[in-house]
Structures are given as structure tokens and as C-alpha cells.
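This is what each chain is made of:
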Amino acid sequence: MKIEQIYTGCLAQGAYYITSNGVAAIIDPLRETQPYLDRLQRDGVVLKYIFETHFHADFVSGHLDLSKQTGAPIVYGPLALPAFEAISATDGQLFPLGNVTIKVLHTPGHTMESTSYLLLDENGKEHALFSGDTLFIGDVGRPDLAQKAAHLTQEQLAATLYQSLRSKIMTLPDDVIVYPAHGAGSACGKNMSKETISTIGNQKATNYALRANMTEAEFIQEVTDGLLPPPAYFGMNVAMNKEGYESFEHVLNLGMRALTPKEFETAASETGALLLDTRKNGEFAKGFIPQSINIGIDGDFAPWVGSMIADVKQPILIICEVGQEEETVTRLSRVGFDNLVGHLAGGFESWATAGKETDTINRITAETFANQVIIGEDKVIDIRKATEYAAEHVTDAYSKPLASINDWIEDIDPKQHFFIHCAGGYRSMIAASILEARGFRNFTEIEGGFNAIAKTEVPKTDFVCQSKILQN
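Reading the values: the criteria
- Residues numbered from 1 in each chain as written.
- Predicted model: local features only at pLDDT ≥ 70, side-chain atom pairs only at ≥ 80, totals over all residues.
- Heavy atoms only, no water.
- Helix = DSSP H or I, 4+ residues; strand = E, 2+ residues; numbered from the N terminus.
- Rg over C-alpha atoms; globule rule 2.2 N^0.38 Å.
- Buried < 20%, exposed > 50% of the residue type's maximum accessible area, 1.4 Å probe, protein only.
- UniProt positions renumbered as here; feature names shortened; annotations may be inferred.
- Core = buried A, V, L, I, M, F, W, Y, C linked by side-chain atoms within 4.5 Å.
- Expected span 1.5 Å × (residues − 1).
- Salt bridge = Lys/Arg side-chain N within 4 Å of Asp/Glu carboxyl O.
- Phe/Tyr/Trp six-rings, centres within 6.5 Å; stacked < 30°, edge-to-face > 60°.

Visitor: Where do I start with the overall build of the chain in this structure?
Guide: The helix and strand inventory of the chain stands at 18 helices and 24 strands. Since a compact globule built from 472 residues should have a radius of gyration of about 23 Å, the 24 Å found for the chain is in line with a globular shape. Projected onto its principal axes, the C-alpha positions of the chain cover 70 × 55 × 40 Å. Taking all 472 residues of the chain together, 56% fall into the buried category.

Here is the structure:
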């Protein structure tokens, strides 16, 4: 028996590849299936099952393509009603896999179809739990994503999750290995550890939601407290996972269409496509196509694309570094952005060389900011998360998280200059590109963000003034 965790950092997502005696199973595969096909060929095994822990909200699974390519059936737990052929397993159902067995544990709460898969070894001993979004390392799945579909409140879903954890998971032996679907950085939980593997015993000792003396009421209160609104694209990804989608190869062919600057310009005009520039923020600041939005491929690309663009049906034209076209298309497809018009052949340099109009961002160093800013007079906008702001921030800075830009951008006075920063420059350049695309020119973005500002003499505080925090 072999278990391989295939972890994708930009999505904080874990897929699992299990082999035993010539056959394999894959749990929660990503959209692009070739890496799994390569593994199967490398190991000389046949894919017997594709297990899905639930209808994922934060990414589009590769279950449909993988099933078509291998003939392996897709398995869901109870209550899943996909629009395609799949096995809806019963609670406790056993699936033999070579010398081991996969046992279905229906664990509703995150969603009502949420299911964990318990691996029993050659001797029938409980060995590992693939917990999906039910149990994370240090956290549990948020219970607010499926309220509408389940016709339940988040409190009712949380109560269901409490019972699932107590009756199905906490009763397992302490040495059972826990393999979750996500780690730190995912929006499917709020307190996830950077660790991606643990044990039942360790989680019972350290996970706040698994305290032995925790009442159901306490669980509901603590699990639902502080939940931020889910990204807008989550519901659309659930629909794609449940109802079906175009093949990855089709999406790749769309995105890999190379367009000359003239063809790119025409396509932008005719399709109304969003211009997505995935270069590093420093390169973008020095020159970009007017109206384009910068979300760098080298950061948390897919989640920010989902949060900022939201509508997965939005037509998109890609500007990226030469050689990164396929990687960009792949990452977009992972979160369901399939309506790709093509990419700019030769990247931004070809646009500039063709003499087309370009724009820049007014970016300064943290040292220049320290010399220019007058605390108490100049407006400083901190677009980091509220928790980052609360830990330490520039004195008198306003907290306006990037995720809420569509709320606070309406309150900007176009006649008042302001400085804007994040932690390191990635998120502030996203914000800067959105601001310029909407006609705002009255701001200065700070290179290196708060990480660089913290090394200067600019006054800083951890005091949180409520009037400086975006209320939403």
C-alpha cells in the first residue's frame, strides 16, 4: 500500500493517490488530469475508484475528465445527487482496493453530502482518514456554504457537523492518520494549520473544535464566530462540480490561442473580455495595457482571481510572461474560469513594441513613503486582512481589505490623494490595477508593503480605532 498526498500550494488543496496490489484510487483530484494519468502509468496500476468528499466550492475537481479517460467510477457519499453517472455510496459501505479497503463515513455538516473515507489496512485496522472539508488540521469545515441548498441555517449545519465529528471521527483510534482536503490559506475554514497531515489523537488534543468537554452550543458559537463572507465564485464552482463542465483540454485550447497585438486589441473590443495580466507586480507597475488587472501568477493566483473577478463566465484575455501561458490557463481552469478568449503572443513586450498605448502605476519605495507621508494629515489605506491590520499598522491608517474593494471603492474621493499598501506588494498591485481601471489616479502604491514600511521610522501601532475600519 502507498498513499501520496498531492498538495497544491496556491489552492491550499490536497488530493490523494492510493495504490495497493495493482489498483489505485484518487480522492478529490484537481482539474488537470495528466499528472494522475502519468502516475498510473509510472506505477503500472489501474484506477479503480475516484472518490469525492463533497461538491467542492473553491476549485473545480477533475473527476469527470478522469472518469472518462480511465473508465473508473466516481463515488460520492450519501445525499449527493450529481447530474452525471456516479455511485452514491451508503454510510459504512466498503470499497475493496487491492489488499486494503475504503470505508465510507457520512460526515455531514460542512455540506450535507460531505463524506470522509476511512482506509482499512491489510489486516482490517483503521489506518488513515481522508476527511475532506469535515476535519482540517487545527480546524473544521465552515458550516455556512451550503445553507441555501440544504435549506438549513449555518447554526443547524454546525450542529450537524458537531454530531458527525463526535460520532464518526473522534471515536476513531488516536493513531489514525488524518489527511484533510485543505491547509492554511483556504477559505473553507478559518483557523487551519500550515501542517497538512496529523493524527486523530493530535487533533483531539490541539484542535479547538474537538475539545472533549465542548458542548454543542459552544461548538456552534465558536465555529460560526468570525466567518468572513465566502468568495462569490464558490457557488459557481459547486454548480460546475455537480452539473458538469467542459473538458480541461477544451479550455486549454481556448487559452492557448496566440493573438497578435492587433488581434488582441480587436478581441478585447468585440468580446468585452477582462484583460488579466499575470506578471510580477513590479513589472506590471512599470508598464501595462490600460484597463488590465494584475493578479500575479507567483502568488495566491487562483483564489484571488475567484474573489476579484467572481463571475466564472466572464470572458478573459491573458497577458503573461512568455512561457507561462499553459500554467496560467491551468490555474484559471482550476477555479472554473473557462471562458478564455486567448493570450497576447509575445507578452506585454510585443504590445509595447507595436507602439500600442500603455500605462503605469505610481509606485514608491517604503523609504520614500517614510519621507513623504505626514501622519494625521495624509490618508493611508491598508488593504491587508483585518487580523493583519490589528496586529500592527501605520498609525492612523484605514483598514480596507482587498476582498472588500467593491464596497469601499465607492467611498473614495477622487480629489483626495492617498497611499495604499498591503503586506508585500502583491495585493496592493491588484488593488492599484482595479483603481486605475475604474478611473482613479489619485493614489500612490508602496513597494514592499508593510513588510518594508516596518523597517522605516514611520509611526506604527497595534491600537485599532473603530473609525478606521471598514464596516461590512
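Visitor: Even after reading the chapter, I still don't get the UniProt feature "domain: Rhodanese" (unreviewed entry) in the chain, so can you show me in this structure?
Guide: What UniProt calls "domain: Rhodanese" (unreviewed entry) maps, in this numbering, to residues 269–360 and 374–462. For residues 269–360, helix accounts for 38% and strand for 16%, while the C-alpha atoms at its two ends are 21 Å apart. Along residues 374–462, the helical share is 30% and the strand share 20%, with 19 Å between the first and last C-alpha atoms.

Visitor: When you look at the nonpolar core in this model, what are you seeing that I'm missing?
Guide: The tendency in soluble globular proteins is for nonpolar side chains to be buried as a group. Counting 77 residues, the largest nonpolar core has Ile295 and Ile420 as its most contacted members. Residue contributions to this core peak at 7 residues, all from helix α17 (residues 426–437). The next biggest cluster of nonpolar side chains, apart from the first, holds 25 residues, and it includes Leu161, Tyr162, Leu172 and Val178.

Visitor: I keep staring at α17 and nothing clicks. Help me out?
Guide: Along an α-helix, residues three or four positions apart point the same way, because every turn accommodates 3.6 residues. Here α17 contains 12 residues, and its C-alpha end-to-end distance of 17 Å stays within 8% of the 16 Å for a straight helix at 1.5 Å per residue. The buried count for α17 comes to 11 of 12 residues, which makes it a mostly enclosed element. Where α17 is concerned, the buried positions are Tyr426, Arg427, Ser428, Met429, Ile430, Ala431, Ala432, Ser433, Ile434, Leu435 and Glu436. Gly439 occupies a position one or two residues after α17 and carries a positive phi of about 95°.

Visitor: Just to check I follow, could you spell out the pattern of salt bridges for this structure?
Guide: Between side chains of opposite charge, a pair can form when the charged atoms approach closely. Enumeration over the complete set of coordinates arrives at 21 salt bridges. Here Lys280 makes a salt bridge to Asp298, at a shortest N to O gap of 3.3 Å. One end of the pair, Lys280, is in the loop between β14 (274–277) and α10 (281–286); the other, Asp298, is in the loop between β15 (293–294) and α11 (301–309), with 18 residues separating them in the sequence. In this structure, Glu327 engages Arg331 in a salt bridge whose closest nitrogen and oxygen atoms are separated by 2.6 Å. Of this pair, Glu327 and Arg331 both sit in helix α12 (residues 325–334), 4 residues apart, which is roughly one turn of the helix.

Visitor: What should I look at first to understand the packing of aromatic side chains in this one?
Guide: Here the distance between the centres and the angle between the planes together describe a pair of aromatic rings. Counted by the stated rule, this structure contains 15 aromatic pairs. On the basis of an interplanar angle of 15° and a centroid distance of 5.3 Å, the ring pair of Phe130 and Tyr179 is categorised as stacked. Of the two residues, Phe130 sits in strand β10 (residues 126–132) while Tyr179 sits in strand β11 (residues 177–180), which places them 49 residues apart along the sequence. Phe130 sits in the buried class, given a relative accessible area of 1%.

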